[in-house]
Amino acid sequence: MEPRLHHSTESLSSSSGGSPVPPASPSVPSLSSSSSSTRVASLILSPSAEDIKALIHAQGEDEDLATLLASASKDPVDAISEPFQPENDTSGNVEYKLKLVNPTPSRLEHLTSQLKWRLGEGMGEAIYEVGVEDNGAPTGLSEEDMKASLATLAIMAEKLSADMSILRDREGTHGKVAEVLIRRFAREDFLEVRVAVVGNVDSGKSTLLGVLTKGGLDNGRGLARQQVFRHKHEIETGRTSSISQEIMGFDSKGKVVNYTGVHGGLAPQEVTELSSKIINFIDLAGHEKYLRTTLFGMTGHAPDFAMLMIGANMGVVGMTKEHLGITLALRVPVFVVVTKIDMCPENVLKETMSQIKKILKSPGSRKIPVVIRSEDDVVVAARNFTSERIAPIFCVSNVTGMHLDLLRTFMNLLPARKNWEDLATQPTQFNIDATWTVQGVGTVISGTVMTGTISANESFLIGPDHAGEFLPVTVKSIHTKRLPVKQVHAGQTASLALKKVKRSSLRKGMCLVSSALKPVAVREFEAEVLVLYHSTTIQRGYEAVVHCGTTQQCARIIDIDRDVIRTGDKSKVRFRFQARPEFLQIGMRLIFREGKAKGIGRISQLFTTPLGAPSSSSSSSSSSSSSSSSSSASASGSSSAPSPASSASPVVSPASSAPSVPAADVLRTSGEGRAGYGHGHSHGGFHAHGRGRGASKRGGHSDPKK
């Protein structure tokens, strides 16, 4: 029997019809009034804060969420909090069309060009709202006009090698309103969305991935998770200790292709060939001693979204708050999946849902928890999920399969967060997260293409090494999702075979970059940081492990803009790497940890000249260009504890504000010991089952002598 969830009953949609609604007023309407039916029409496409607030009041929900929604409505960048907006003609992949009945050939050509542009904005996906005027009014169409409009839309999609599927039908003012998903057919440059799977140990992360990607349900004793484990000790203990990746493919109609094999599930390369969209799950470790590995997965693999797993019978315990705080610090949108609801008593499930709502609404998170109950809730939540203000909550069972269909639909509708097509035109940067030696192939590196494109037989620079140098290399062959390809572009993960390069000269944390970038490795950098927790004070000479992209290294604070900083303080801090220089860029987010102490920040300046060095030039790099200025530095002063007066002249850099990341209250309430180490395990394509290089065996500090 499906458990009743009494606590979180927020719903994003309604099934009844209504008339169009004017822009929401500051006052909160009452659903008990005669105009309550008119509120439903505005929920058809994108609910406003007042709409959800009215539903909460009508269902007798708590006032604090209503207050949160009222404050959220003042946020100009929050899509779900704004009143229903007119069509955006300059960007986005959503198009409003009142009707598409019998267009002329010239009009059809114009509409097809418009669809092509929308598909480009959505990386191969577009959503058409048929029966909606440009100002956002859900007028609706008759049955005959709706059929004719959908037929025209199908012709347009066919001309662009795309397919269409109806997500849902709704009642408008004078007829039906249809929401249609248009997606390109499977091709080599498929859309890839990366989802990091985090949560406390034994919350069911690997089990859910086994169920989603392999198609079979779990037997309650770990059958599904054995299909995704990589190491023998993981199978024996049932705990993930490395970073593994699983893929889930969708065709142009939104159906999962993993389960279409005659003799069971398809191989990864077959899934890639048949998919128009691929969800790349990054399975991270949940145990406390593997926190270092989990941090590397969150920073180095650049996930688009995070899936926070919580066991219904355990609640918010262990590393749950820590992992949630990491996602908030890195500004990764997160949704919650509550597992094991088939074995959880109703009162325990109610308490778990109460805990989840409380932490999501806390000042450190400020998200709107929304329990997903129907297909309508899924569509609206997916449309507004990138706003980072709502947190969908799915209650599933891996044994009975309850509500797994809603989770699959949500995955199908997840949009791309970045405009990868624009990033693909920039100079190439490939972040290395693992290195391999494959017999008969040679040295292989795996990672993520952050910008630009990579083609076979193309030459790049790789580094920095321990001396801070970048060496020329040539890419011999490319695999993505175990499928050989000729080219990969920004937003895709891949494995690259290199010519005449020894694996011993490579490490994870390096970058493969284009010579046009003119990369420079730096040992010192300045960051605007926020101290999330420290038991006493932080001052000059303090050492911590810095996690920034694929970089993980111990760094020392050599200068602060004040004497000491404490928990909750914001400050400009200058770090110096202890072991070797790294390739960094201005604007990159970082996390620094030392035992239970932790903080977050954003890089504001890069320095090629050490602080306190003799008169020399100090340079700073920006995200778009590199600029340098000569300055005179004081020759006196200690490098370990310099005074502000002894620092080099300030380097001009793009202005940026201190990191306003609301993760502090979440991370302060959770503590852990020193992180252990795990072996990175990423499969871009080459069948190698070795250990990634570069993992430090020390959780607290890297050895500066290495």
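Counting of residues starts from 1 at the beginning of each chain's written sequence and follows it residue by residue. In keeping with the model being predicted, local features are shown solely for residues with a pLDDT of at least 70 and side-chain atom pairs are shown and tallied solely at 80 or more, while totals for entire chains, interfaces and linings include all residues. Side-chain numbers come from the whole structure's heavy atoms, not from hydrogens or water.

Asks: Hey, could you go over the sheet that holds strand β26 (residues 597-607) for me, with residue numbers and the actual values?
Replies: Within the closed barrel, the six strands sit side by side as β21-β24-β23-β22-β25-β26. Their pairing is antiparallel. Ignoring strand direction, the axes of neighbouring strands in this sheet form an average angle of 45°. A strand pair is defined by DSSP finding two or more bridges across the two strands. Starting at the N terminus, helices and strands are each numbered in turn, a helix being any DSSP run of H or I of at least four residues and a strand any DSSP run of E of at least two. Pairing between strand β25 (residues 589-594) and β26: six bridges, direction antiparallel. In the strand pairing of β26, R593 is matched with K598. Working rule for contacts: check all heavy atoms of both residues, and any pair within 4.5 Å makes them a contact. Note on definitions: angles span 0 to 180 degrees between N-to-C directions of axes, and those axes are lines fitted to C-alpha atoms, for helices only across the stretch in contact. Strands in contact with helix α9 (residues 291-300) are β22 (543-548), β23 (551-560) and β25; relative to β22, the strand with the most contacts, it is inclined by about 40°.

Asks: Describe helix α5 (residues 143-159), and please don't skip the residues or the numbers.
Replies: Because an α-helix completes one turn every 3.6 residues, residues spaced three or four positions apart along the sequence face the same direction. Its 17 residues give α5 an end-to-end C-alpha distance of 25 Å, which sits within 8% of 24 Å, the value for a rise of 1.5 Å per residue. Listing the buried residues of α5 in full gives M146, S149, L150, T152, L153, M156 and A157. All buried residues of α5 lie within an arc of 160° about the axis, which places them on one face of the element. Seen from the open side of α5, the exposed residues pointing more than 90 degrees away from its buried face are E144, K147, E158 and K159. How far a helix is expected to stretch is found by multiplying one less than its residue total by 1.5 Å. Burial status follows relative accessibility: with a 1.4 Å probe on protein chains alone, a residue under 20% of its type maximum counts as buried, one over 50% as exposed, and anything between as partly exposed. Each direction from the helix axis to a C-beta atom contributes to the arc, which is the arc of those directions.

Asks: Could you give me a rundown of the pairing of strand β16 (residues 471-480), with the residues and numbers involved?
Replies: Relative to β16, strand β15 (residues 459-463) runs antiparallel, the two being bridged by four bridges. Looking at β16, one finds that S459 is bridged to T474. As judged from the four bridges shared by β16 and strand β19 (residues 493-498), these two strands associate in the antiparallel manner. Its bridge partner lying in β19, H479 is registered against S495. Two elements, β16 and strand β17 (residues 483-485), share three bridges in a ladder whose sense is antiparallel. Note on β17: the bridge partner recorded for I478 is V485. Following β16, the chain reverses through two residues before pairing antiparallel with β17; K481 in that reversal takes a positive phi of roughly 55°.

Asks: I'd like a description of the packing of helix α12 (residues 375-384) against helix α13 (residues 404-413), backed by residues and values.
Replies: The axes of two packed helices give the description: the angle between them and the distance between them. Two elements in contact, α12 and α13, have axes whose closest approach is 9 Å; the angle formed by their N-to-C orientations is 30°. On the basis of the axis angle, α12 is roughly parallel to α13. Two packed elements cross with a definite hand, and for α12 against α13 that hand is right-handed. In this structure, α12 contributes E375, V378, V379, A381 and A382 to the contact, and α13 contributes D405, L406, T409, F410 and L413. Residue polarity follows a fixed list, in which Ala, Val, Leu, Ile, Met, Phe, Trp, Tyr, Cys and Pro are nonpolar, Asp, Glu, Lys and Arg are charged, and the others, Gly among them, are polar. Partitioning the contact of α12 with α13 into residue classes produces seven nonpolar, one polar and two charged. An angle counts as roughly parallel when it lies under 35 degrees, as roughly antiparallel when it exceeds 145, as roughly perpendicular when it falls between 65 and 115, and as oblique in every other case. Each helix crossing is assigned a hand: it is left-handed if the near helix lies turned anticlockwise from the far helix by less than a right angle, otherwise right-handed if that turn is clockwise.

Asks: How would you summarise α13 if you had to cite specific residues and measurements?
Replies: Across the ten residues of α13, eight count as buried, placing the element largely inside the fold. By the burial criterion, the buried members of α13 are L404, L406, L407, R408, F410, M411, N412 and L413.

Asks: Tell me about the sheet that holds strand β9 (residues 334-339), and please be specific about residues and values.
Replies: Sheets are built from strands that pair by backbone hydrogen bonding, the pairs being arranged parallel or antiparallel. Spatially, the seven strands line up as an open sheet ordered β6-β7-β5-β8-β9-β11-β10, and their pairing is mixed. Each edge of the open sheet is held by one strand with a lone partner, namely β6 (244-250) and β10 (368-371). Direction aside, the axes of adjacent strands within the sheet are offset by 25° on average. Note: β6 against strand β7 (residues 277-283), seven bridges, orientation antiparallel. Bridge pairing in β7 links I247 to N280. The sheet contacts of helix α10 (residues 320-329) involve β5 (191-199), β8 (305-311) and β9, and relative to β8 the element is tilted by about 165°.

Asks: How would you sum up unusual backbone geometry? Please name residues and give values.
Replies: For residues that are not glycine, phi is negative in most cases, and the peptide bond is trans in most cases. At the junction of G463 and P464, the peptide bond is cis and its omega measures out at 0° in the coordinates. As for its placement among the helices and strands, P464 is situated in the loop between β15 and β16. Phi at M123 takes a positive value of approximately 55°, unusual for a residue other than glycine. Along the chain, the position of M123 falls in the loop between α4 (105-121) and β2 (125-130). Positive phi is not limited to glycine here, since K518 has a value of about 50°. If you trace the backbone, K518 turns up in the loop between β20 (511-513) and β21 (524-533). Overall, K518 belongs to the exposed group, its relative accessible area being 66%.

Asks: Outline the pairing of β25, supporting the account with residue identities and numerical values.
Replies: Looking along a regular strand, one sees the side chains alternate between the two faces of the sheet. Within β25, five of the six residues are buried, which leaves the element mostly enclosed by the surrounding structure. Direction of pairing for β22 relative to β25: antiparallel, over a ladder of three bridges. Of the residues in β25, the one forming a bridge with V545 is R593. Remark: two residues form the turn of the hairpin made by β25 and β26, two consecutive strands paired antiparallel; G595 in that turn has positive phi of roughly 65°.

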